[in-house]
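Spelled out, the chains give:
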Amino acid sequence: MLNFDEQRFLRIQSGAVALRQRLDKVIASCLEKGAENIFFLGTGGAAILMQPAAQLLQRQSRFPVFIDLPAELVVTGSVNLTAKSIVVIPSLSGTTKESVAFLAKAKEVGATVLTLVGHQETPLGKGGDHAFVNFAEDDTSCESFYLQSLFIALSIMRHRGEIENYDQVVRELEALPRLLLEVKRSYEEKAEDFARILAGSDYHIITGAGNVWPEAFYYGMCILEEMQWIRTRPVHASDFFHGTLELVDKDVSVVLFKGEDSLRPLADRLDNFARNYTDKLTVLDTAEFALPGISPEVRGLVSPIVLATLLERISAHLEVMRNHPLTTRRYYKRVAY
């Protein structure tokens, strides 16, 4: 595969899976001590990657869950953020400015802070009450963060008696790293074609529904905009018909991500509309990829993870095709802001 280290990928994703038991113990301890809610409070892309886990809790658990912006909470605080809150702060670098600032706020109110980082010797790596360290880099961090946050959500449901097949679900998730590698291999020949579509337009409407919507948002903002300087309009499939549809014509690129959770029909609705009005509809559908041993229920849970692993292959070809390395920046961590 182009510019890809298979063993590094397996090591990183297996590292995320290996954190599962400790995450479960920490969550159990928090609940035993009377935790009343959980906040997922990342910044930028890391925050977006927490959304599927938060959505799972919102839909299938009565345990209160909040997603907010650390930069705002530092200023406003929240009446729901208390000493009985669990706070999850993901940051690959462990140094994200807004998240480091919020860490002090969380400590001030006495919340229990779990940090998910790629590096121990950093402000967030050393500052959390419980630091979970799994080295990763930009091209491998999505799957790792998705897995860790999913384990947190499942653990909450487990200890509250809100999931009956926890053991089966986590067994399937533990098999995922090698399955994802096979997904990458199976897609490699097609990844270049998808990259050519992305390189062929300077503007894309990028969309999805359910738990794959965050991956659409993430890929548009953090990869195409930040790392490739390609303009995008990420929009949820539910919102597409309340404004964005008027931008569609035969020459406008629409990129649709389809997952396998219960909200797939929202993506189907958009698919049926867009193919009638643009010649540039491109669909990436997780249902087209084999995941031996993974049940339909778990396939629905891991749809954003599968998309992330496919999109990494697309990005690898895109940066070569455009002669624009994914590490190239004009402003991010280069100038004061």
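Each remark here, short or long, concerns the structure printed above.
In this report, we go over the structure that sits alongside the text. (Residues numbered from 1 in each chain as written. Predicted model: local features only at pLDDT ≥ 70, side-chain atom pairs only at ≥ 80, totals over all residues. Heavy atoms only, no water.)

It is worth spelling out the overall build of the protein chain at this point. The helix and strand inventory of the protein chain stands at 14 helices and 9 strands. Whereas a compact globule of 337 residues would reach a radius of gyration of roughly 20 Å, the protein chain reaches 19 Å, a difference of no more than 12%. Judged by the C-alpha coordinates and their principal axes, the protein chain covers about 55 × 50 × 45 Å. For the protein chain, buried positions account for 56% of its 337 residues. Counted over contacts in the protein chain with a minimum sequence separation of 6, partners at least 24 positions apart contribute 79%. Entry remark: accessible area of the protein chain is about 14800 Å², with carbon and sulfur atoms responsible for 49%. Counting 36 positive and 43 negative side-chain charges, the protein chain places the centres of these two groups 3 Å from one another. (Helix = DSSP H or I, 4+ residues; strand = E, 2+ residues; numbered from the N terminus. Rg over C-alpha atoms; globule rule 2.2 N^0.38 Å. Buried < 20%, exposed > 50% of the residue type's maximum accessible area, 1.4 Å probe, protein only. Contact = heavy atoms within 4.5 Å. Areas by Shrake-Rupley, 256 points an atom, 1.4 Å probe, with all protein chains shown as cover. Lys, Arg positive; Asp, Glu negative; His and termini not counted. Charge placed at Lys NZ, Arg CZ, Asp CG, Glu CD.)

Taken together, the side chains of Tyr331, Tyr332, Val335 and Tyr337 present a nonpolar region at the surface, about 480 Å² in accessible area. Locating tyrosine 331 in the fold gives a position in the segment after α14 (296–321). Judged by relative accessible area, tyrosine 331 falls into the exposed class, the value being 53%. (Patch = residues over 30% accessible without salt bridge, like charges linked within 9 Å, V, L, I, M, F, W, Y side chains within 5 Å. Salt bridge = Lys/Arg side-chain N within 4 Å of Asp/Glu carboxyl O.)

If you walk through the whole model with that rule in mind, you get 8 aromatic pairs. Ring centres of phenylalanine 39 and phenylalanine 66 lie 4.8 Å apart, and the angle between their planes is 20°; this geometry places the pair in the stacked category. Linking phenylalanine 39 in strand β1 (residues 37–40) with phenylalanine 66 in strand β2 (residues 65–67), this pair joins segments that are 27 residues apart in sequence. Classification of phenylalanine 39 as buried rests on a relative accessible area of 1%. Under the relative-accessibility criterion, phenylalanine 66 is labelled partly exposed at 25%. The ring of phenylalanine 241 has arginine 269 sitting right over it, with the charged end atom 4.0 Å from the ring centre. Positioned above the aromatic ring of tryptophan 229 is the side chain of arginine 330, whose terminal nitrogen or guanidinium carbon lies 4.0 Å from the ring centre. (Phe/Tyr/Trp six-rings, centres within 6.5 Å; stacked < 30°, edge-to-face > 60°. Lys NZ or Arg CZ within 6 Å of the ring centre and 35° of its normal.)

Let us now look at the sheet that holds strand β7 (residues 231–236). Strand order in the open sheet formed by 4 strands is β7-β6-β8-β9, with parallel pairing between adjacent strands. Two strands in the sheet have a free side with no partner beyond their single neighbour: β7 and β9 (281–285). Neighbour to neighbour, the strand axes of the sheet diverge by 20° on average, direction disregarded. As paired strands, strand β8 (residues 253–258) and β9 are joined by 5 bridges and run parallel to one another. (Pairing = 2+ DSSP bridges. Axes fitted to C-alpha atoms, helices over the stretch in contact; angles between N-to-C directions.)

So yeah, pure geometry; function would need other evidence.
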